[in-house]
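Residue strings, one per chain:
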Amino acid sequence: MTETSQGLAIITGASAGIGAVYADRLARRGYDLLLVARNETRLAALAERLEQATGRSAAILRADLADAAQVADLAERIESEKALTLLVNNAGMGLHGSLATSDASEVSQLLALNVVAPTLLARAAVRSFTKRGHGGIINLSSVLALAPERFEGTYSASKAFILNLTQGLARALQETDVRIQAVLPGATRTEIWERAGKDINSFPPEWVMEVDDLVDAALVGFDAGEIITIPPLSDEGEWNALQAARQAMVPNLSRREVAERYRVPA
Ligand SMILES: NC(=O)c1ccc[n+]([C@@H]2O[C@H](COP(=O)([O-])OP(=O)(O)OC[C@H]3O[C@@H](n4cnc5c(N)ncnc54)[C@H](OP(=O)(O)O)[C@@H]3O)[C@@H](O)[C@H]2O)c1
């Protein structure tokens, strides 16, 4: 428990899994909390437990973040909440099937929850934090952003969006004291798998990280000032090499001349 208040952290998807562990760790670090999700009973039980354990205040907000109006209300609250110092954009879902076999309504829900909501909430936080000169945003992406061939494509694309958004915003914010981090978990033991009709126990056990380990590691990366944190990746040189290769290509990506191999034969 810490006596110094770190301000207010808003955590989306705080009723379970990764978000609930962030709530625990951030309260212990001295943040007051606003916990957001649909299941009010679970949110209230977590808030009560954390208030008793840490002495911090924990408010709850029942919101469906696949619903545009409810996202707009939360974005407005983020922009006007003077005590806010940290946004954890965590709520997310997977699909039951592939893009082709899932209901169109489930695909739309995934895009609303995994892409639209975190983007609009980050927008509100950036507007507020840049005005006040400080603040932090943690975005939950996934290692599947780097490995789309390993999954069905839609979920991984939504997580690649979050990675790209974070890298772009980090560049735009680099002269400010506003921090932004994307966390890329590998398979982590939470309900997300069961909710999408998948059995995480069918994976080799050495692939699956426990949720407490994931969040503790992600916060080590946040404290170190990382923009991208990949808790399961043991050789950070592999990530650095990928970024170096990308940066080397960037100056060659916009040209008046068509590349030689695409020239129409005379
Ligand atoms: N677990 C993994 O293997 C893994 C790997 C890579 C990335 N991630 C990412 O990590 C984040 C957290 O996932 P998790 O594994 O902790 O999942 P989880 O255990 O299923 O928890 C998801 C959280 O999001 C909330 N949520 C779901 N739909 C919502 C909606 N429409 N509106 C508001 N809140 C909603 C859920 O609460 P309610 O049901 O109460 O609304 C819950 O609190 C996600 O963005 C996920 O994509 C997870």
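Cut-off values and rules
Residues numbered from 1 in each chain as written. Predicted model: local features only at pLDDT ≥ 70, side-chain atom pairs only at ≥ 80, totals over all residues. Heavy atoms only, no water. Pairing = 2+ DSSP bridges. Helix = DSSP H or I, 4+ residues; strand = E, 2+ residues; numbered from the N terminus. Contact = heavy atoms within 4.5 Å. Axes fitted to C-alpha atoms, helices over the stretch in contact; angles between N-to-C directions. Expected span 1.5 Å × (residues − 1). Bend = angle between axes of the 7 residues up to and from the residue. Near = heavy atom within 4 Å. Polar contact = N/O pair within 3.5 Å; in protein donor to acceptor, adjacent residues only side chain to side chain. Areas by Shrake-Rupley, 256 points an atom, 1.4 Å probe, with all protein chains shown as cover. Nonpolar A, V, L, I, M, F, W, Y, C, P; charged D, E, K, R; others polar. Phe/Tyr/Trp six-rings, centres within 6.5 Å; stacked < 30°, edge-to-face > 60°. Buried < 20%, exposed > 50% of the residue type's maximum accessible area, 1.4 Å probe, protein only. Lys NZ or Arg CZ within 6 Å of the ring centre and 35° of its normal.

Let's talk about the sheet that holds strand β3 (residues 58–62)
- The seven strands are arranged β3-β2-β1-β4-β5-β6-β7 in an open sheet whose pairing can be described as parallel. Each having just a single partner strand, β3 and β7 (228–229) make up the two edges of the open sheet.
- Sheet topology places strand β6 (residues 178–183) next to β7; two bridges connect them, and they run parallel. In the strand pairing of β7, A182 is matched with I228.
- On the sheet, helix α4 (residues 104–132) packs against β1 (8–12), β4 (84–89), β5 (135–140) and β6 and is oriented at approximately 160° with respect to β4.
- Its contacts with the sheet put helix α5 (residues 154–172) on β5, β6 and β7, and the angle it makes with β6 is roughly 155°.

Quick look at α4
- Given a rise of 1.5 Å per residue, 29 residues ought to cover 42 Å, and the 41 Å separating the end C-alpha atoms of α4 matches this to within 8%.
- Along α4, the helix axis deviates most sharply at A112, where the bend reaches about 35°.
- G133, located one to two residues past α4, shows a positive phi value of around 90°.

With respect to the site of the ligand
- Close contacts around the ligand come from 31 residues, with R38, N90, Y155, T188 and T190 the closest.
- Taking S15, its side chain carries an N or O atom lying 2.8 Å from an oxygen atom of the ligand.
- One nitrogen or oxygen atom from the main chain of A16 is found 3.3 Å from an oxygen atom belonging to the ligand.
- Coverage of the ligand by the protein amounts to 97% of the 890 Å² it exposes when considered alone.
- Residue contributions to the shell around the ligand peak at three residues, all from helix α6 (residues 192–195).
- The residue inventory of the shell around the ligand, partitioned by class, reads 15 nonpolar, eleven polar and five charged.

Quick word on the side chain of T12
- With respect to the element layout, T12 can be found in strand β1.
- Within the local environment of T12, its side chain forms a polar contact with the backbone nitrogen of N90, the two atoms lying 2.8 Å apart.
- Polar side-chain contacts of T12 include one of 2.9 Å to the backbone nitrogen of A91.
- Residues in contact with T12, not counting those within four places in the same chain, are V36, L65, L74, V88, N89, N90, A91 and L121.

Some words on the packing of aromatic side chains
- Under the defined criterion, the tally for this structure stands at four aromatic pairs.
- Between W193 and F203, the aromatic rings sit 5.0 Å apart at their centres with planes inclined by 90°, giving edge-to-face as the arrangement. Of the two residues, W193 is situated in helix α6 and F203 in the loop between α6 and α7 (211–223); the sequence distance between them amounts to ten residues.
- Residue class for W193 comes out buried when judged on its relative accessible area of 13%.
- Every member of this aromatic cluster is reached through a ring pair, and the members are F151, Y155, W193, F203 and W207.
- Taking NZ or CZ as reference, R179 lies 4.4 Å from the ring centre of F222, over its face.

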